[in-house]
Amino acid sequence: MRIYHLAAECYPIAKVGGLADVVGALPKYQNLAGMDAAVVIPFYDRKFTRENEFDIVFKAVTLLGTRRLYFEIWKEKTNKLGFELYLIKIPGLLDREEVYMYPDEREQFVAFQLAFLDWISYSQQSPDIIHCHDHHVGLIPFLMYHSKLYTRLAHIPTVFTIHNGQYHGVLSWDKFYYLPEIDPYQGGLLDWAGTINPLAAAVKCCYKYTTVSPSYLEELTISSNGLEYLFYLEQAKGSGIINGIDTEVWNAKTDTMIPANYSTTKVAEGKQKNKEALCDRFNLSPELPLISFIGRLVLEKGADLLAESISRTIVNYPGKVNFLILGAGDPLMEMGLKELKALLPKQCNVFIGYDEVLAHVVYAGSDFLLMPSRVEPCGLNQLYALRYGTVPIVRSTGGLKDTVIDFGDEGGYGIRFNNISVDDICTAIDRALILYENMQRLNLLRKRMMTLDFSWDRSAKEYINLYESLKPKI
């Protein structure tokens with residue numbers, strides 16, 4: 001079965017968030033299961049593209065309204081990522097370094113989608129599935145089924161995965177001319193609330209849509225930035241599939257990024273060695289429990305509550321707990337955490353930015369990982385933490401609710417709380433510190449969580465089963 005995955009990000013070429021991790025891993029594990037999966041993303045002028053060899057396998061011109069755009073399809077020569085990788089390069093539009101935040105971002109992604117469809121159509125390809133990820137490629141299903149230019153693709157099933165339903169990629173209707181000729185009676189499929197809404201169009205037009213956890217599928221009917229009623233109407237063709245993680249990359253036993261490797265047989269010793277290295281770098285005591293946060297400093301992640309929660313905990317437990325923050329985002333939140341670091345340097349440190357190697361060390365060296373998210377469609381950080389025997393402290397929402405069982409419940413291993421408030425966060429931290437005092441029980445939980453299966457093998461099979469269910473429609 002030939003599958004094309006389309007997205008704006010793919011690790012290790014271009015990563016901003018969890019979308020890149022999924023697109024960089026799912027196709028590899030699908031191929032290991034016997035599929036023929038490939039990835040198509042925009043061209044980015046980054047380290048990976050500069051240091052690897054590519055063939056230009058296709059050249060053509062696409063139209064963005066009246067604007068003629070020359071494009072090239074670049075194919076990575078060796079399939080070193082475990083799948084065929086294709087980059088779409090449009091000089092002056094899709095040849096830049098950053099993934100997002102350009103003023104013509106909407107034009108970039110519309111052109112990317114048109115170039116992809118032109119390539120598949122003109123080269124007479126007939127993949128079995130086209131799998132689109134997030135709003136950046138949300139126009140693909142509509143164009144395949146309702147544009148006269150792509151009628152030869154209209155029989156191909158599309159699957160659309162929503163990694164974050166808060167972002168829709170809307171365009172005003174004055175940009176409608178960007179699109180090729182479409183069936184005039186179907187234009188309403190593009191519309192939601194008076195705008196062209198790629199996310200809404202994809203949900204309406206795709207054969208099946210998925211979310212990255214079962215709980216998030218339900219939550220979209222309650223909170224999806226204005227699309228709640230649409231998800232209520234379309235819920236019959238939706239399904240929730242938990243993301244996996246690449247267990248070859250995230251493996252405490254073989255990880256080359258951490259100071260000391262370890263397995264379940266010596267988890268306590270291994271984590272302590274990594275903790276000592278981490279605390280030495282950040283001037284913290286390795287004898288104290290270490291609670292860390294990794295992620296974007298934004299409201300969505302509950303980062304606005306970090307400084308007050310940490311401050312209150314340190315006041316309640318002076319000299320008895322350490323905190324480490326790795327992330328970047330809202331300038332005011334960054335400033336608040338820096339001020340806290342200056343005020344309490346022996347118990348709190350902050351690294352503004354993101355460092356992949358450091359993230360691995362934080363997972364390996366921390367005792368607890370705090371995730372007070374308001375919204376978490378799936379969450380990967382808690383899954384990484386589990387692989388390294390680090391207890392996740394999570395709010396019960398989305399994928400966090402689906403993947404973390406509270407240690408007070410049967411078979412549990414994590415800590416959960418319900419409300420997005422400083423009081424609830426601090427209460428959860430209190431439970432963590434009490435657990436830390438019972439090292440025997442903590443080490444049993446560490447061993448349990450390190451043996452859990454959140455691999456892509458399991459998730460890839462669920463997606464393959466979904467693809468197989470669409471075969472009668474071909």
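In this report, the structure presented in the accompanying data block is examined. This one's a predicted model, so the numbers in the text were calculated from it and none came from an experiment.

### Description of the overall build of the protein
In step 1: Regarding its fold elements, the protein presents 16 helices and 17 strands.
In step 2: Compactness check: the protein gives a C-alpha radius of gyration of 23 Å against a globular reference of 23 Å for 474 residues, within 12% of the reference.
In step 3: Each of the three principal axes of the protein carries a C-alpha extent, and together these read 70 × 45 × 40 Å.
In step 4: Scored against the burial criterion, the 474 residues of the protein give a buried share of 60%.
In step 5: Accessible area for the protein stands at about 18,700 Å²; split by element, carbon and sulfur atoms hold 52% of it.

### Describing the pairing of strand β12 (residues 290-294)
In step 1: Among the five residues of β12, five are classified as buried, and the element is accordingly described as predominantly covered.
In step 2: Alternating positions in β12 separate into two faces, L290, S292 and I294 on one and I291 and F293 on the other, with burial throughout.
In step 3: On the question of chirality, the crossover connecting β12 to the parallel strand β13 (residues 322-327) by way of helix α9 (residues 306-316) is right-handed.

### Concerning the packing of helix α14 (residues 422-437) against helix α15 (residues 439-450)
In step 1: Relative orientation of the contacting elements α14 and α15 amounts to 105°, with a least axis distance of 5 Å. Considered as vectors, α14 and α15 are oriented roughly perpendicular to each other. On the side of α14, the interface is formed by L435, Y436 and E437, while α15 contributes M439, R441, L442 and L445.

### Section: the packing of α9 against α14
In step 1: Packing of α9 against α14 leaves a shortest axis separation of 9 Å and a crossing angle of 45°. Classified by the interaxial angle, the pair formed by α9 and α14 is oblique. Our pair here, α9 against α14, has a crossing hand that is right-handed. Only V422, D423, I425, C426, I429 and L433 of α14 make contact with α9, whose side of the interface consists of E308, S309, R312 and T313.
In step 2: Looking at the contact of α9 with α14 residue by residue, the class counts come to five nonpolar, two polar and three charged.

### Quick word on the sheet that holds strand β14 (residues 348-352)
Whether parallel or antiparallel, the strands of a sheet pair through hydrogen bonds between backbone atoms.
In step 1: Pairing within the open sheet is parallel, and its six strands lie in the order β14-β13-β12-β15-β16-β17. The open sheet is flanked by β14 and β17 (415-417), the only strands paired with a single partner. Adjacent strand axes in the sheet meet at a mean angle of 15°, parallel and antiparallel pairs treated alike.
In step 2: Here β12 pairs with β13 via five bridges, running parallel. Within β13, the position partnered with F293 by the bridge is I325.
In step 3: The strands touched by α9 are β12, β13, β14 and β15 (368-371); relative to β13, the strand with the most contacts, the crossing angle is about 165°.

### Topic: the sheet that holds strand β6 (residues 129-133)
In step 1: Reading across from one edge, β3-β4-β5-β2-β1-β6-β7-β10-β11 is the order of the nine strands in this open sheet, with mixed pairing throughout. Pairing within the sheet leaves two strands with one partner each, and these edge strands are β3 (54-64) and β11 (238-240). Averaged over all adjacent pairs, the angle separating strand axes in this sheet is 25°, with direction ignored.
In step 2: Pairing analysis gives four bridges linking strand β1 (residues 2-6) to β6, with the strands arranged parallel. Counted as the bridge partner of Y4 is I130 from β6.

### Comments concerning the nonpolar core
Where a protein is soluble and globular, its nonpolar side chains tend to be buried together.
In step 1: In this structure, F116 and W119 are the most contacted members of the largest nonpolar core, which totals 77 residues.
In step 2: Ranked by residue count, the leading element in this core is helix α3 (residues 105-122), at nine residues.
In step 3: With near-sequence residues (within four places) excluded, W119 lies in contact with Y4, V40, F58, F71, I73, Y86 and Q125.
In step 4: Counting residues in each nonpolar core, the second largest holds 69 residues, with M333, A364, L383 and F454 among its members.

### Let's talk about the side chain of D21
In step 1: Tracing the backbone through its elements, the reader meets D21 in helix α1 (residues 18-32).
In step 2: Beyond its immediate sequence surroundings of up to four residues, D21 is in contact with Y11, K15, L380 and Y384.

### A short note on the environment of L290
In step 1: For L290, the location among the structural elements is in strand β12.
In step 2: Distance from L290 to M450, taken between C-alpha atoms, is 18 Å for residues 160 residues apart in sequence.
In step 3: Apart from the residues within four sequence positions on either side, L290 is in contact with K275, L278, C279, L284, N322, F323, L324, G365, S366, D367 and F368.

### So, the pairing of β3
In step 1: As defined by bridge partners, β3 adjoins strand β4 (residues 67-76) across ten bridges and the pair is classed as antiparallel. Paired with K59 across the bridge in β4 is E72.
In step 2: Here β3 folds back onto β4, and the loop between the two strands holds two residues, one of which, G65, carries a positive phi near 70°.

### Considerations on helix α10 (residues 331-343)
In step 1: Over its 13 residues, α10 extends 18 Å from the first C-alpha to the last, a length consistent with the 18 Å expected when each residue adds 1.5 Å.
In step 2: Among the residues of α10, those classed as buried are M333, E334, L337 and L340. Down the axis of α10, the sector holding all buried residues measures 125°, keeping them to one side. In α10, the exposed residues that point more than 90 degrees away from the buried face are P331, L332, E339, A342 and L343.
In step 3: Where the residues of α10 are buried, they touch α9, β13 and β14.
In step 4: Where α10 begins, one side-chain oxygen reaches toward the backbone nitrogen of L332, 2.8 Å away; that side chain belongs to D330.

### Observations concerning the pattern of salt bridges
In step 1: If you walk through the whole model with that rule in mind, you get 25 salt bridges.
In step 2: The salt bridge involving E356 is made with K15; its shortest N-O contact spans 3.5 Å. A residue pair is termed long-range when its members are at least 10 positions apart, and E356 in helix α11 (residues 356-365) and K15 in the loop between β1 and α1 qualify at 341 residues.
In step 3: Judged by relative accessible area, which is 17%, E356 ranks as buried.
In step 4: Overall, the relative accessible area of 25% leaves K15 in the partly exposed class.
In step 5: In this structure, R312 engages E308 in a salt bridge whose closest nitrogen and oxygen atoms are separated by 3.6 Å.

Reading the values: the criteria
Residues numbered from 1 in each chain as written. Predicted model: local features only at pLDDT ≥ 70, side-chain atom pairs only at ≥ 80, totals over all residues. Heavy atoms only, no water. Helix = DSSP H or I, 4+ residues; strand = E, 2+ residues; numbered from the N terminus. Rg over C-alpha atoms; globule rule 2.2 N^0.38 Å. Buried < 20%, exposed > 50% of the residue type's maximum accessible area, 1.4 Å probe, protein only. Areas by Shrake-Rupley, 256 points an atom, 1.4 Å probe, with all protein chains shown as cover. Right-handed = clockwise from strand over helix to strand, strands pointing away. Axes fitted to C-alpha atoms, helices over the stretch in contact; angles between N-to-C directions. Parallel < 35°, antiparallel > 145°, perpendicular 65-115°, else oblique. Contact = heavy atoms within 4.5 Å. Left-handed = near helix turned anticlockwise from the far one by under 90°. Nonpolar A, V, L, I, M, F, W, Y, C, P; charged D, E, K, R; others polar. Pairing = 2+ DSSP bridges. Core = buried A, V, L, I, M, F, W, Y, C linked by side-chain atoms within 4.5 Å. Expected span 1.5 Å × (residues − 1). Arc of directions from axis to C-beta. Polar contact = N/O pair within 3.5 Å; in protein donor to acceptor, adjacent residues only side chain to side chain. Salt bridge = Lys/Arg side-chain N within 4 Å of Asp/Glu carboxyl O.

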